[in-house]
Amino acid sequence: MRTLRTSMLLALLAALGIAAAAGCAEPATRRGGGEGGEGEGEGEGEGSEGEGEGEGSEGEGEGSEGEGEGPPPQDAGLDGEVARDAGDPEPEPPPVICKAAPFPEVTFVRATDRWGIGRDGLAVDGIRVMLADLDADGYPDLIVHGSSHLREDRLAAPPRRLRWVLFNRPATDGTGRRFVDATASSGYQTTRDAGEGRACSLAVAGDVDNDGDLDLFSGVYTESLAADDPGDRSEVLLNRGDGTFVLGPAGAAAGPGPRATTAAAFLDFDRDGLLDLFVGGFYGTQNELYRGLGEGRFQQVTHQVGLTATSGGELTGTNARPTYGVTACDVDDDGDADLLVSAYGRQWNQLWLNEDGSFREVGQQVGFAGDELRDYSDNEFYHCYCATSRTCSAATPRIGCTGGGWSWTPGVDDHPFRLNGNSFTTVCGDLDGDERPDLLTAEIRHWHIGTSSDPTEILFNLPEGAAGFRFERPGNLLTGLHRPWRAADWNEGDITASFADFDGDGQLDVFVGSSDYPGTRAFLWRQQSPGFFKELAVNSGLSHPWAVGHAWGDLDGDGDLDLVIASSVMRGGPWASQEVHVYENQGAESKNWLRVTLVGGGTGRANRSAIGAQVTLATGVRRQQREVAGGYGHFGLQHDLTLHFGLDGVCEVDSLTVRWPDRAGTVEVFRDVRANYRVEIRQGEGLRYVREPPPAAP
């Protein structure tokens, strides 16, 4: 069997037009048919240049394609799993819509002013954005958070606007759609003390009370010693059904004291049909898991399920990590949600494997904790230590070693637990089409720390190893993610990342939001062939400088993915403020597509939001797999919960398989699904086409 590394090399050679030698053309055999230095976060300052030694002030101002459909997907092997063939989508399917090649190149057009949030409109600022259909009208709405942990004050001169709730509405003049400010009327910033402008730093969405609408977890980053702590704590907000919110039970998912909340993700770890919540925190903070009890109530079960961190366990990897991102996804494909922790300070990342509702950490075992490059001899801090202490021999330092600015502690900084990455976000999804979830970690990295600092890179999921899977890192040269920085003193400020099929060809592409250093911007890699990518943000009109938070969704309902990007002002940069911009996708709507909205059966079945559900789509060209996610990564990244599948030139889906996240592992199969519609699938009730009106011309 060929290794993944060999397959990647063959793909690279093919992309370069170099023929493979005879006997080397066989692809890798895969299961399935084919689909520290810098802190970044709440305040306007980052950590010390000591690669994560101290807390610092909180930064950022912050395989291969299938050969035909083949047999239906096999059961996942869960106890009591039931496979159900749902038959025809509906008795009278809608008209066939079929788009034929040639298709235009896909570009993005900045449409911020047309959407009403530019400088001549609402002038929306912030660094964290999320998309979710809050009012259940079929269009994703937008929530924006700024970088402050203070309350808003609209009576100040000038008014202090720090958060926005923006509904996606038809334009009053009939030309397309616009964002409308609903912050005040939404109730999102309601306080416990009858005040106004509740402090909050992030939001993720899910139906926690199973009543058919999206509720919110609103997290707060508050330093434990902050003199200006307004007293607001993380909250659960319940949706009234129309996109307006009321506070859930007090203390539902937060302790009484200040907490440096940096990340959150909804999941259903015990598959009881009630959403649970995983919350990450920065230095000295225990990451916490809350079991959903319904009606917006939660119970803290962190220690009960095996997630306890120990004090002083850095050398063994049992310590509480300085967490900058959390992700929940089914990495071992056994039907339940596992937990991934993105750790700052070049410490080991964590992968908590869900074993029937309890968790076991396997990050180092499966290759997720960090890469294997641990040679620190090219670290300029180490060079300074040797030059000043005269206890070791190293190359002449290329940085100044007097007056501070560097840090090296023998026995700590040379230990494997400190030779990993400054991880901010972990993305989960099937990149190479083998129906196993791959990963990408977004990292901040500096030239002066050397090769022992992990880069942003793809981790491909292989079905081997003691845990039943392991991750392989082919490296950015082989995958195409390598970036040849021009400056000798380069810095990579990769903070957020996502997978999305922006060009509608049926393959997931890679987006990275990079900021805070010269030359950083949005990066967009198109997948050329399974596992090989080409960067084209500049040519596609998406080279947004100092890009931080972002969210994908079909904002205008035309069948392709649009993008909202927030801007950093850390260390200068080109922006006068943290501007939020809308980029409309132009071109992908000319291809065929399918959008899938899932609704679970509720308590005792799958949660109503279907978070954790796995959808596999098969055509005669390829297979694609997606998982519904309830927020992930750094400070609550969230894209529209409706899944988007690009179909390129295919006009009908042979089969659409849903594996619901319930204890039975229920599987439903739908056949001959027509393209270019949004379909809604309710667990056990079949599939219906949603005949939305075509978008009005802008």
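Described in the following lines is the structure provided in the data block. (Residues numbered from 1 in each chain as written. Predicted model: local features only at pLDDT ≥ 70, side-chain atom pairs only at ≥ 80, totals over all residues. Heavy atoms only, no water.)

Another aspect to go through is the overall build of the protein. Each helix and strand counted, the protein has six helices and 37 strands in total. For the protein, with 698 residues in total, the buried portion stands at 62%. Looking at the protein as shown, the accessible area adds up to about 24200 Å², and 52% of this sits on carbon and sulfur atoms. (Helix = DSSP H or I, 4+ residues; strand = E, 2+ residues; numbered from the N terminus. Buried < 20%, exposed > 50% of the residue type's maximum accessible area, 1.4 Å probe, protein only. Areas by Shrake-Rupley, 256 points an atom, 1.4 Å probe, with all protein chains shown as cover.)

This structure, assessed with the given rule, holds 35 salt bridges. With a closest N to O distance of 2.6 Å, E584 and R114 form a salt bridge. Of this pair, E584 sits in strand 29 (residues 580-586) while R114 sits in the loop between strand 2 (107-110) and strand 3 (128-132), placing them 470 residues apart in sequence. Salt-bridge contacts for D413 lead to R418; the nearest nitrogen and oxygen are separated by 2.8 Å. An identical accessibility class is assigned to D413 and R418; each is buried. Overlapping salt bridges, with partners in common, bring together D135, D137, R169 and R177 in one network. (Salt bridge = Lys/Arg side-chain N within 4 Å of Asp/Glu carboxyl O.)

In any sheet, the strands associate via hydrogen bonds between backbone groups, in a parallel or an antiparallel arrangement. On the basis of which strands lie adjacent, the open sheet formed by four strands has the order 15-16-17-18 and antiparallel pairing. Unpaired on one side and paired on the other, strand 15 (323-329) and strand 18 (358-361) mark the two borders of the sheet. Between one strand axis and the next, the sheet turns through 20° on average, direction left out of account. (Pairing = 2+ DSSP bridges. Axes fitted to C-alpha atoms, helices over the stretch in contact; angles between N-to-C directions.)

Turning our eyes to something else, we now look at the pairing of strand 16 (residues 338-343). Taken across its six residues, strand 16 has six buried, putting it largely inside the fold. Across the two faces of strand 16 the burial is the same, with D338, L340 and S342 and L339, V341 and A343 all buried. Here strand 15 runs beside strand 16; their pairing, made up of six bridges, is antiparallel. Its bridge partner lying in strand 16, A328 is registered against L339. Here strand 16 pairs with strand 17 (residues 350-355) via three bridges, running antiparallel. The residue of strand 17 that forms the bridge with V341 is Q350.

F217 and L598 are the most contacted members of the largest nonpolar core, which has 71 residues in total. A per-element tally of this core places strand 7 (residues 202-206) first, with four residues. (Core = buried A, V, L, I, M, F, W, Y, C linked by side-chain atoms within 4.5 Å.)

To continue, consider helix 4 (residues 380-389). Taken across its 10 residues, helix 4 has seven buried, putting it largely inside the fold. When helix 4 is considered as a whole, its buried residues turn out to be E380, F381, Y382, H383, C384, Y385 and C386. Downstream of helix 4 by one or two residues, R390 has phi in the positive range, about 55°.

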